[in-house]
Amino acid sequence: MDQPAGTPKTDALEDALKAFLDPDTAGRGSIGWIFGDSSEPPAGIGTVAMLIASPATPHAHRSVLIQSLVHAIKTAETHPEPIHTYLAAHRGLVYRLVELMTERGPAPWRSRAVAELAARTGLTRAESTLLLAGLPVRNWDEHSFLSDEQMAILRITANEAKIGRMELLTLAYPDRIRLVDAAMPDDPATLWDQGPDVPQLSARWIETQGRRVPVREDLLAELATVMGFPTGILRTFAEPTPGDWLHTDGECSTVAGLISTTAPAGGEPFSDRHLPSAATGLAWLAYHLPAGDPIRANLGRVYELIRLRLRNPKLLIGTVRLDPKEAPTHHSPAVVAGIRLPTGQTCYHLRPAHITDPHDPALDVIPDHSPISIRLMLDPAFGRMITALESSGLPAGTYAQNAVLTAPHLVTQVADKFCLDAAAASLYLQMLALPDPTDANLRRWNNWDTTELADLGSALVRSGLLIEDTRTAAARRFFLPGPWMVRKFVPPFEAWKSSLYGFSPDQEPPYRWTLVSRPVAELFQAAAERILAGDTPNDFGVTMTNKP
């Protein structure tokens, strides 16, 4: 008999199975049998069993799952319907599971299984961990979806869990059940003695989702600080493949003022859903990755593919609703007027195939991320930045931010001008030109240890070229004299540098999530020219925050 909605037991059971119940459908899907719902063909006994045995499952959830599972099995023993036939076929598994839980408690967590699943499927360690734990991913809006105790058991950090959940929440609800079902061994005792059935789960994942391109966990964590779904971007950039969105032009139509993009010839079409993340990811990776990195080696091709997709005449980007008095006065084939809404507003979109100039007024019609991304992709300076990746000649593992390698002639000029040795002159040039000379970045770029950086920075402080300070979100101890700028979407930095990135201190940055949109060598050159001409930073102002 169906359990009435809203009862404490039903509410607790729904909470325990939240990752497997689609909130946008009326029923409870193939796992509805545990609620007494027989409207869909049953599945998920393995999923419930995995959750019960998982050491990461909260005690309250485990208790209600055991009670409900045993109740369902006992009910099946006296009913001949197909759903009960399915349950009765798993009677032995369920009773053996309950015995093991009573005798031995939750199954031990096995990190070895996580490593094996990641190796077989290309999943990250975080994704593999959450799958083997029974998908405790909850909802999109539940940010603290794992407790400190659960993370300690699973040996995963909050940031790792967050990144892993981003991808797993995109799985269709039926696929979630099929995947966790596959991890459950035929003999429940195997969970305690050997662990989940990783080969079977791996095969199910590859069958339903395909094998993933492996990506570095540390790179994922860093990129996640500027974008929501870094895993998909990294995997696509690491291995661009025909049929993916980098290779596939779509056809756009509008429905109720919203853009719908399809690919009649197959594949995943490039759309305004991909553009902001693709442009942001490309700029971030082009600046941050060292020479010799395999993803860095692909960025030139990625750049060309994105620009090729933007030339698709059937592509529409962005949506804005404008009153008649706000209608664009700039008439261009790049601005597409869509439907007129009952409110009297008209929907406008951009057709990027008609935009070739990053300063095209059409890009000002729609105030969101997509036009900003188009402007970046058309910016000649950004094109030079991408080209420079292939022609830098830097040794593998080194960074363009190391001025000794990228601009040795400028280091010499700065050293002569300020009576510095080469290392101190290089550090000063980095502090002048780069937006993010954090202590960690400087050690990484220059292969310095903490003592070397401290000694060099202190020498520049004594010379009056730098100051030492503590500032929120700066992650560094040394700064240029002068005002400190705080702007949305980018890290705070010294106002003296703003012109290097294409804007004045009273303006907003031209791009979001990145300040660097031209070759690092050009930044060094521009900064050196200013200070050699006498335009050195001075302590003449205060912190400059976002304009209201």
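Structure shown above.
Residues numbered from 1 in each chain as written. Predicted model: local features only at pLDDT ≥ 70, side-chain atom pairs only at ≥ 80, totals over all residues. Heavy atoms only, no water.

1. Considerations on the side chain of Ser128
Positionally, Ser128 belongs in helix α7 (residues 125–132). When near neighbours in sequence (up to four residues on either side) are disregarded, Ser128 contacts Val114, Leu117, Ala118 and Leu123. (Helix = DSSP H or I, 4+ residues; strand = E, 2+ residues; numbered from the N terminus. Contact = heavy atoms within 4.5 Å.)

2. Some words on the pattern of salt bridges
For the coordinates displayed, the defined rule picks out 22 salt bridges. What you see here is one network of salt bridges that share partners, running through Arg216, Asp218 and Asp293. (Salt bridge = Lys/Arg side-chain N within 4 Å of Asp/Glu carboxyl O.)

3. Thoughts on helix α5 (residues 91–104)
The first and last C-alpha atoms of α5 sit 20 Å apart over 14 residues, in line with the 20 Å expected at 1.5 Å per residue. Taken together, the buried positions of α5 are occupied by Leu93, Val94, Leu97, Leu100 and Met101. An end-on view of α5 places all buried positions within 125 degrees of arc, on one side of the element. Across from the buried face of α5, at angles greater than 90 degrees, the exposed residues are Thr102 and Glu103. Looking at the buried side of α5, the elements it contacts are α2 (45–53), α3 (59–76) and α11 (189–193). One or two residues past the end of α5 sits Gly105, with phi positive at roughly 75 degrees. (Expected span 1.5 Å × (residues − 1). Buried < 20%, exposed > 50% of the residue type's maximum accessible area, 1.4 Å probe, protein only. Arc of directions from axis to C-beta.)

4. Concerning the nonpolar core
Membership of the largest hydrophobic core comes to 102 residues, with the highest contact counts inside it found for Phe237, Leu282, Leu285, Ile306, Phe382, Tyr428 and Phe524. Among the elements that line this core, the one with the most residues is helix α15 (residues 275–288), at 9 residues. Setting aside chain neighbours within four positions, we find Tyr428 in contact with Val414, Phe418, Leu460, Leu465, Leu466, Leu480, Ile531 and Pro537. The next biggest cluster of nonpolar side chains, apart from the first, holds 65 residues, and it includes Ala16, Trp33, Met50 and Leu191. (Core = buried A, V, L, I, M, F, W, Y, C linked by side-chain atoms within 4.5 Å.)

5. Brief notes about the packing of aromatic side chains
Each pair of aromatic rings is reported with the distance of its centres and the angle of its planes. For the coordinates displayed, the defined rule picks out 9 aromatic pairs. The interplanar angle of 75 degrees and the centroid separation of 5.6 Å between the aromatic rings of Phe493 and Tyr501 together place this pair among those described as edge-to-face. The buried category is assigned to Phe493, whose relative accessible area is 0%. Following the ring pairs from residue to residue traces out a cluster consisting of Phe237, Trp245 and Phe270. (Phe/Tyr/Trp six-rings, centres within 6.5 Å; stacked < 30°, edge-to-face > 60°.)

6. A closer look at the packing of α3 against α5
Each pair of packed helices can be described by the angle between their axes along with the distance between the axes. Contact pair α3 / α5: the axes reach a minimum separation of 10 Å and the direction vectors enclose 145 degrees. Handedness of the α3/α5 crossing: left-handed. Where α3 approaches α5, its residues Arg62, Ile66, Leu69, Val70, Ile73 and Lys74 are matched on the opposing element by Arg91, Val94, Tyr95, Leu97, Val98 and Met101. Looking at side-chain class alone, the contact of α3 with α5 contains 9 nonpolar, no polar and 3 charged residues. (Axes fitted to C-alpha atoms, helices over the stretch in contact; angles between N-to-C directions. Left-handed = near helix turned anticlockwise from the far one by under 90°. Nonpolar A, V, L, I, M, F, W, Y, C, P; charged D, E, K, R; others polar.)

7. Observations concerning the packing of helix α6 (residues 111–121) against helix α12 (residues 198–209)
Running from N to C, α6 and α12 point in directions that differ by 35 degrees, and their axes come no closer than 10 Å. Note on packing geometry: the crossing formed by α6 with α12 is right-handed. Across from Ala113, Glu116, Leu117, Arg120 and Thr121 in α6, the residues of α12 making contact are Val198, Pro199, Leu201, Ser202, Trp205 and Ile206. Of the residues belonging to the contact of α6 with α12, the class tally is 7 nonpolar, 2 polar and 2 charged.

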